[in-house]
Amino acid sequence: AQSVTQPDIHITVSEGASLELRCNYSYGATPYLFWYVQSPGQGLQLLLKYFSGDTLVQGIKGFEAEFKRSQSSFNLRKPSVHWSDAAEYFCAVNTGTASKLTFGTGTRLQVTL
Amino acid sequence: EAEVAQSPRYKITEKSQAVAFWCDPISGHATLYWYRQILGQGPELLVQFQDESVVDDSQLPKDRFSAERLKGVDSTLKIQPAELGDSAMYLCASSSSGSLYNEQFFGPGTRLTVL
């Protein structure tokens with residue numbers, strides 16, 4: 001069965017610094033990959049998704065992610081973090097057989113001013 | 001901007017009591033999902049509806065949980081009786097169809113605390 005691992009439970013960065021959140025997946029073929037953000041008291045919002053093609057994916061709010069098949073990774077990046085980016089970030093995978101998503105355990109991002 | 005509505009936002013109940021959560025998806029969305037998110041974990045799909053039909057309830061604890069979407073619009077998730085381990089955030093999401101190419105839009109969730 002497919003699975004997603006987010007090794008970092010909590011990350012703290014300074015405002016203006018760059019960010020990289022790690023995501024590793026386990027699946028035999030090419031999965032469909034997603035990043036969601038969950039702000040306090042709100043539901044999940046889709047940041048970006050990868051289905052095929054260009055391995056560097058651009059999303060909303062200045063985020064991007066790169067699919068690396070050799071490393072089974074789909075890391076999320078942002079060149080300059082804003083205080084409003086403080087939230088919990090979830091990586092998710094779908095193996096294409098249905099619309100069911102399998103989520104990682106999340107990474108909580110704290111931004112210091 | 002259309003949103004997924006959920007109520008109540010917070011619910012505190014005692015174990016063995018019955019609780020119910022309501023979800024109103026974005027208008028026109030045929031697919032509706034209920035997820036459970038335990039503190040410190042990612043959301044886990046409980047049940048997926050396509051219109052009024054259940055297409056996946058493999059992770060739904062059917063001895064105590066039930067879900068319905070009678071007219072293919074809004075949906076209710078019920079727990080009876082509630083147990084301490086049911087304390088979690090219950091998220092509803094909808095999409096225009098069951099295809100993974102269609103984005104799932106999430107509601108704000110209902111946070112359940114079972115005492």
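Heads up: the structure comes first, above all this text.
Residues numbered from 1 in each chain as written. Chains lettered and ligands numbered in written order. Predicted model: local features only at pLDDT ≥ 70, side-chain atom pairs only at ≥ 80, totals over all residues. Heavy atoms only, no water.

A. Seen up close, the packing of aromatic side chains. One pass over the full model with this rule turns up 16 aromatic pairs over all chains. Pairing Tyr50(A) with Phe74(A) gives two aromatic rings, centres 6.3 Å apart and planes at 45°, and the pair type is tilted. Of this pair, Tyr50(A) sits in strand β6 (residues 44-50) while Phe74(A) sits in strand β9 (residues 73-78); the two residues are 24 residues apart in sequence, bridging distant segments of the chain. Owing to a relative accessible area of 4%, Tyr50(A) belongs among the buried residues under this scheme. Centroid distance Phe103(A) to Phe106(B): 6.4 Å. Interplanar angle 80°. Geometry classified as edge-to-face. Separated into two different chains, Phe103(A) in strand β11 (residues 102-103) and Phe106(B) in strand β10 (residues 105-106) make up a pair that spans both. The same class applies to Phe103(A) and to Phe106(B), which are both buried. (Phe/Tyr/Trp six-rings, centres within 6.5 Å; stacked < 30°, edge-to-face > 60°. Helix = DSSP H or I, 4+ residues; strand = E, 2+ residues; numbered from the N terminus. Buried < 20%, exposed > 50% of the residue type's maximum accessible area, 1.4 Å probe, protein only.)

B. Fine view of the state of the cysteines. Going through the model one piece at a time under the given rule, you end up with two disulfides over all chains. Residue Cys23(A) pairs covalently with Cys91(A) via a disulfide, S to S 2.0 Å. On the sign convention where negative is left-handed, the bridge of Cys23(A) and Cys91(A), at about -65° about the S-S bond, is left-handed. Remark: Cys91(A) occurs in strand β10 (residues 87-94) and Cys23(A) occurs in the loop between β3 (19-21) and β4 (24-26); sequence separation between them is 68 residues. Between the sulfur of Cys23(B) and that of Cys92(B) lies a disulfide, 1.9 Å long from S to S. Here Cys23(B) and Cys92(B) share a disulfide; its torsion about the S-S bond, -70°, makes the bridge left-handed. Placement of the pair is Cys23(B) in strand β3 (residues 19-24) and Cys92(B) in strand β9 (residues 88-95), with a sequence separation of 69 residues. Each of the two residues, Cys23(B) as well as Cys92(B), counts as buried. (Disulfide = S-S within 2.5 Å.)

C. Focus on the interface of chain A and chain B. Listed per partner, the contact involves 21 residues of chain A and 23 residues of chain B. Summed over both partners, the interface of chain A with chain B comes to about 1600 Å²; 56% of that surface belongs to carbon and sulfur atoms. If you sort the residues of chain A by the area they bury against chain B, Leu44(A), Ser99(A) and Lys100(A) come out on top, with a joint share of 32%. In this structure, the connection of chain A to chain B is made through zero salt bridges. Our count for the chain A to chain B interface comes out at two residue pairs in polar contact (both at pLDDT 80 or more). For the side of chain A that touches chain B, the secondary structure elements donating two or more residues are β5 (32-38), β6 and β10 of chain A. Here the side of chain A that touches chain B is composed, by residue class, of ten nonpolar, nine polar and two charged. (Contact = heavy atoms within 4.5 Å. Buried area = accessible area lost by both parts, 1.4 Å probe. Salt bridge = Lys/Arg side-chain N within 4 Å of Asp/Glu carboxyl O. Polar contact = N/O pair within 3.5 Å; in protein donor to acceptor, adjacent residues only side chain to side chain. Nonpolar A, V, L, I, M, F, W, Y, C, P; charged D, E, K, R; others polar.)

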